[in-house]
Amino acid sequence: MSSTQDMPDRVGAHPTNPTFQPYIPAETNLRELTPVPIIVGTLLGMIFGASSLYLVLKVGLTVSASIPVAVISITLFRILAKMGARNATILEHNIVQTAGSAGESIAFGVGVTMPAILILGFDLEITRVMLVAVLGGLLGILMMIPLRRALIVAQHGILKYPEGTACAEVLKAGASAESQAAASEAAKREQEELGGAQIGAKTIFTGFGIGLVYKTAMAAFRGWKDVPEKVFGAPFTAGSVAAEISPELLGVGYIIGPRIAGIMCAGGVLAYLVLIPMIKYFGAALGTPLAPETTALIRDMSPGQIRNAYILYIGAGAVAAAGIISVFKSMPLIWHGIRGGMKDVASSRAEETRAAVPRTDRDLSIRFVLIGIIALIVVIAFSNPLYIGGTGLGTRLAAAVLIIVFGFLFVTVSSRLTGEIGSTSNPISGMTVATLLLTCLTFVILGWTGSNYYVTALSIGAIVCIASSNGGTTSQDLKTGFLVGGTPKSQQIAILIGALASAIVLGPILLGLNEASSVYVPVGAQMPAGFTAGSANPGQQVDVTGLRKQGLTGAQGKEDTKQYHVWFHHPEGGGNAEKYLVDDSGKIAYYVDPGINGTFKKDPSGREVTKFDAPKATLMSYIIKGILGGELPWGLVILGAMIAVMLEISGLPSLAFAVGVYLPLSSTSPILIGGIIRWAVDRWIRGTKFKGRTLSEDQLVAEGDKSPGVLMASGYIAGGAIAGIIIAFMAGFMENFNKTIEAVAKRNPFHSGANADLLSLIPFAVLIVLLYLTGREAILAHRKT
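Residues numbered from 1 in each chain as written. Predicted model: local features only at pLDDT ≥ 70, side-chain atom pairs only at ≥ 80, totals over all residues. Heavy atoms only, no water.

Caption draft 1: Structural context of the pattern of salt bridges. Taken as a whole and judged by the stated rule, the model has 13 salt bridges. Notably, a salt bridge pairs D361 with R148, separated by 2.7 Å at the nearest N-O pair. Of this pair, D361 sits in the loop between helix 14 (350-356) and helix 15 (366-381) while R148 sits in helix 6 (residues 148-153); the two residues are 213 residues apart in sequence, bridging distant segments of the chain. The burial state of D361 is the same as that of R148; both residues are buried. Where D361 meets R149, a salt bridge forms, and the shortest distance between an N and an O atom there is 3.5 Å. Here the residue D361 occupies a position in the loop between helix 14 and helix 15, and R149 occupies one in helix 6, the gap between them amounting to 212 residues. We classify R149 as partly exposed; its relative accessible area is 22%. Among the charged side chains, a network of salt bridges with common partners joins R148, R149, D361 and D363. (Salt bridge = Lys/Arg side-chain N within 4 Å of Asp/Glu carboxyl O. Helix = DSSP H or I, 4+ residues; strand = E, 2+ residues; numbered from the N terminus. Buried < 20%, exposed > 50% of the residue type's maximum accessible area, 1.4 Å probe, protein only.)

Caption draft 2: Main features of the sheet that holds strand 7 (residues 588-593). A sheet is described by the order of its strands in space; here five strands give the open sequence 3-7-6-5-4, paired in antiparallel fashion. The sheet is open, and its two edges are formed by strand 3 (519-522) and strand 4 (549-551), each paired on a single side. Neighbour to neighbour, the strand axes of the sheet diverge by 40 degrees on average, direction disregarded. Strand direction decides the pairing type here: strand 6 (residues 578-582) and strand 7, joined by four bridges, are antiparallel. Bridge pairing links V582 to I588 in strand 7. (Pairing = 2+ DSSP bridges. Axes fitted to C-alpha atoms, helices over the stretch in contact; angles between N-to-C directions.)

Caption draft 3: Summary view of the packing of helix 16 (residues 393-421) against helix 23 (residues 654-662). The N-to-C vectors of helix 16 and helix 23 enclose an angle of 85 degrees; their axes lie 11 Å apart at closest approach. The angle between the axes of helix 16 and helix 23 places the two elements in the roughly perpendicular class. Contacts from V413, L417, E420 and I421 in helix 16 reach L655, A656 and V659 in helix 23. Among the residues making up the contact of helix 16 with helix 23, the classes are represented as six nonpolar, no polar and one charged. (Parallel < 35°, antiparallel > 145°, perpendicular 65-115°, else oblique. Contact = heavy atoms within 4.5 Å. Nonpolar A, V, L, I, M, F, W, Y, C, P; charged D, E, K, R; others polar.)

Caption draft 4: Looking closely at the packing of aromatic side chains. Inspection of every chain in the model, using the stated rule, returns eight aromatic pairs. For the pair F232 and F236, a centre-to-centre distance of 5.8 Å together with 40 degrees between the ring planes defines the contact as tilted. With centroids separated by 6.4 Å and ring planes inclined at 85 degrees, the aromatic side chains of Y520 and Y590 adopt a geometry described as edge-to-face. One end of the pair, Y520, is in strand 3; the other, Y590, is in strand 7, and 70 residues separate them in sequence. Exposure class is identical for Y520 and Y590. Each is buried. Members of the aromatic cluster, joined through ring pairs, are Y520, Y564 and Y590. (Phe/Tyr/Trp six-rings, centres within 6.5 Å; stacked < 30°, edge-to-face > 60°.)

Caption draft 5: Seen up close, the confidence of the model for the protein. Scored by pLDDT, the protein has a mean of 81; 84% of the residues are at 70 or more. Segment residues 1-13: pLDDT under 50, and 17 contacts once partners within four positions in sequence are set aside and those in other chains are kept. Scored below 50 in pLDDT, residues 347-352 shows two contacts in the model against residues more than four places distant or in partner chains. (pLDDT = per-residue confidence, 0-100.)

Caption draft 6: Broad picture of the pairing of strand 6. Counting buried positions along strand 6 gives five out of five residues, so the element sits mostly inside the fold. A two-sided burial pattern is seen for strand 6, the buried positions comprising E578, Y580 and V582 on one face and K579 and L581 on the other. When strand 5 (residues 563-569) meets strand 6, the two strands line up antiparallel, connected through five bridges. Counterpart to F568 in the pairing with strand 6 is K579.

Caption draft 7: A look at helix 16. Here helix 16 spans 40 Å end to end across 29 residues, near enough to the 42 Å set by a 1.5 Å rise per residue. Among the 29 residues of helix 16, 22 are classified as buried, and the element is accordingly described as predominantly covered. (Expected span 1.5 Å × (residues − 1).)

Caption draft 8: Seen up close, the packing of helix 11 (residues 247-256) against helix 29 (residues 761-775). Two numbers describe how helix 11 lies on helix 29: the axes approach to 11 Å, and their chain directions differ by 35 degrees. In this structure, helix 11 meets helix 29 at a crossing whose hand is right-handed. Between helix 11 and helix 29, the contacting residues are P247, L250 and Y254 on the first element and F764, L767, I768, L771 and G775 on the second. Residues belonging to the contact of helix 11 with helix 29 are distributed by class as follows: seven nonpolar, one polar and no charged. (Left-handed = near helix turned anticlockwise from the far one by under 90°.)

Caption draft 9: Structural context of helix 23. Within helix 23, nine of the nine residues are buried, which leaves the element mostly enclosed by the surrounding structure. Taken together, the buried positions of helix 23 are S654, L655, A656, F657, A658, V659, G660, V661 and Y662.

Below, the structure is given as structure tokens:
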């Protein structure tokens with residue numbers, strides 16, 4: 001007979017967190033890792049990955065895929081059930097969203113980094129892009145697995161994982177009758193307190209509908225201004241406040257609560273109401289541009305331009321320093337989680353040990369994780385496409401070591417930040433900047449400053465970027481599984497499959513988008529009017545020895561089917577490299593204007609082409625060239641690092657604050673508003689609802705976490721995420737319709753005109769009131785006390 005000390009406090013409780021009971025108890029076995037959910041999730045992940053790649057190239061952002069995939073899964077399997085097929089269990093839906101979430105996070109990393117290859121003067125080789133995507137995607141998942149116990153289980157109630165929580169609520173609201181019957185007693189009691197499963201589903205889907213309609217009307221149909229802003233004049237010149245009045249950011253703020261929301265927004269206040277006005281004040285009298293800016297005078301720069309030129313470096317330095325501090329502070333928890341996994345390796349009865357572990361605490365073995373990471377290190381060291389020229393074995397091994405070190409650092413930081421502030425606000429690009437800063441600094445110390453090292457530095461940054469992005473997504477998925485009672489091992493297998501499939505297809509899609517939008521400008525006497533052909537001398541003779549060949553692509557490829565030699569010209573003064581096609585005689589035939597970061601929106605025949613700005617990839621290329629060329633503004637980076645150090649000395653969590661410095665204030669201010677609403681609801685819970693009742697602090701916090709307001713906020717997040725997909729589709733495939741909408745919006749006082757900033761706050765105020773009233777249980781939910 002087993003000892004009672006090995007039993008959880010309550011039947012169905014989580015084994016390493018006995019005060020928590022998941023929706024499906026650990027001792028209950030439902031269908032989970034079955035073929036159909038894996039296939040559906042993988043296909044959805046590939047679709048969302050493709051759409052996310054398009055979006056990040058176009059505007060530099062993506063939309064979290066977990067919740068949209070969960071909603072699609074519930075809808076799809078319900079339709080199949082009506083046609084006679086078997087409905088999916090809640091755990092199978094969880095597998096679908098887990099496998100489907102990887103595509104979006106990998107697409108972001110690919111879109112943020114890989115286009116910088118073009119800007120640095122190298123080709124977007126298919127093998128290079130695919131290797132980076134596969135290595136980064138798998139590495140992020142494998143590194144997150146040992147952290148699960150430390151961040152998901154041990155920190156439950158501390159790290160909220162807002163999108164993961166919202167996704168779990170969506171899955172519970174859409175649970176099948178079979179899943180509801182298998183639910184834990186605690187889950188059934190919670191449903192009863194909320195008025196039954198139908199009331200909980202009604203609350204979350206009402207929030208979903210409101211969030212979907214609101215954001216679609218605002219952003220897709222330009223019903224009202226989406227970012228109201230106020231820029232101050234003298235004596236507070238360049239000070240500004242703004243808010244991206246979206247439902248998903250409001251929902252994130254409600255779920256994470258006022259403390260973290262306030263610290264994040266405080267970072268934005270420092271950037272926009274202290275640093276930017278200060279730079280404007282001291283720099284307004286300068287008659288020359290202040291480095292790192294090279295063209296504009298500070299007196300002529302807007303707050304946004306000052307942010308891009310100076311504050312981003314300060315923010316990146318703060319994120320890097322705060323991330324390192326956060327990892328050191330978290331090491332005891334991290335080591336505890338890793339040590340728990342190592343028991344399988346050390347035990348002579350590993351299989352018996354794993355069999356005794358409750359279902360909801362089973363991970364892929366640490367042996368599998370270590371072998372996988374070692375295999376990835378070998379691949380990284382010996383993959384030629386990740387390097388240029390005769391890069392030696394020492395450089396390759398150093399690159400592999402840097403990837404592992406920075407990968408573990410920023411996967412940990414990303415996973416923790418995702419728990420604190422959500423994946424919507426997770427500054428992956430900031431971590432990539434920090435990785436490039438640290439990598440290039442290491443290269444400078446080692447004397448590796450030639451252009452051959454550009455690709456190596458970018459490969460390291462790209463793999464770490466994708467790993468940290470996918471690590472955060474994995475932690476969000478595992479949090480959803482923790483709440484609904486999923487098996488971690490099953491989820492880890494599902495996301496490995498989904499990540500591998502998505503990573504393989506994203507490379508060809510990226511190259512296809514670039515090639516389809518490239519414009520080939522004839523050089524010399526054949527050049528059409530209105531076109532230029534870069535800075536190369538059109539009459540110069542090019543040595544074509546060793547240059548690879550390619551033909552024209554797109555419609556122009558049908559008109560000229562010849563093969564040409566590819567030659568890159570590097571302008572004097574450090575401008576972006578320019579690509580040319582040269583014939584066999586060495587004569588320049590075409591200047592290639594790429595689809596990504598290109599200039600010409602029509603080809604020489606007048607056909608329109610879609611261009612992709614890839615704004616964040618441009619920043620990455622500038623950092624690599626700046627550091628390896630000795631031109632990076634290290635003073636700004638160190639200033640940011642000192643801000644993080646100052647906060648830690650003051651006893652404040654620096655990481656959330658540093659994120660606020662890096663992100664626009666418009667992104668953190670609605671999160672603060674959501675946190676304030678949560679504070680008001682929690683005051684009502686403490687002072688009115690449970691007045692006279694003897695409840696501990698933990699019980700009061702738990703009541704706040706279970707309030708109908710969390711369900712409504714989850715619905716807001718889900719609705720806003722789905723609306724983001726609609727907006728991305730309209731931006732990519734309905735250009736003429738968008739032009740019509742823009743023309744109408746110019747006559748809409750809520751979107752344009754002197755009063756638009758104020759008028760646009762009216763619909764946002766309605767969103768706020770609905771969330772507050774739902775949290776107060778004044779509408780929708782009828783909770784028993």
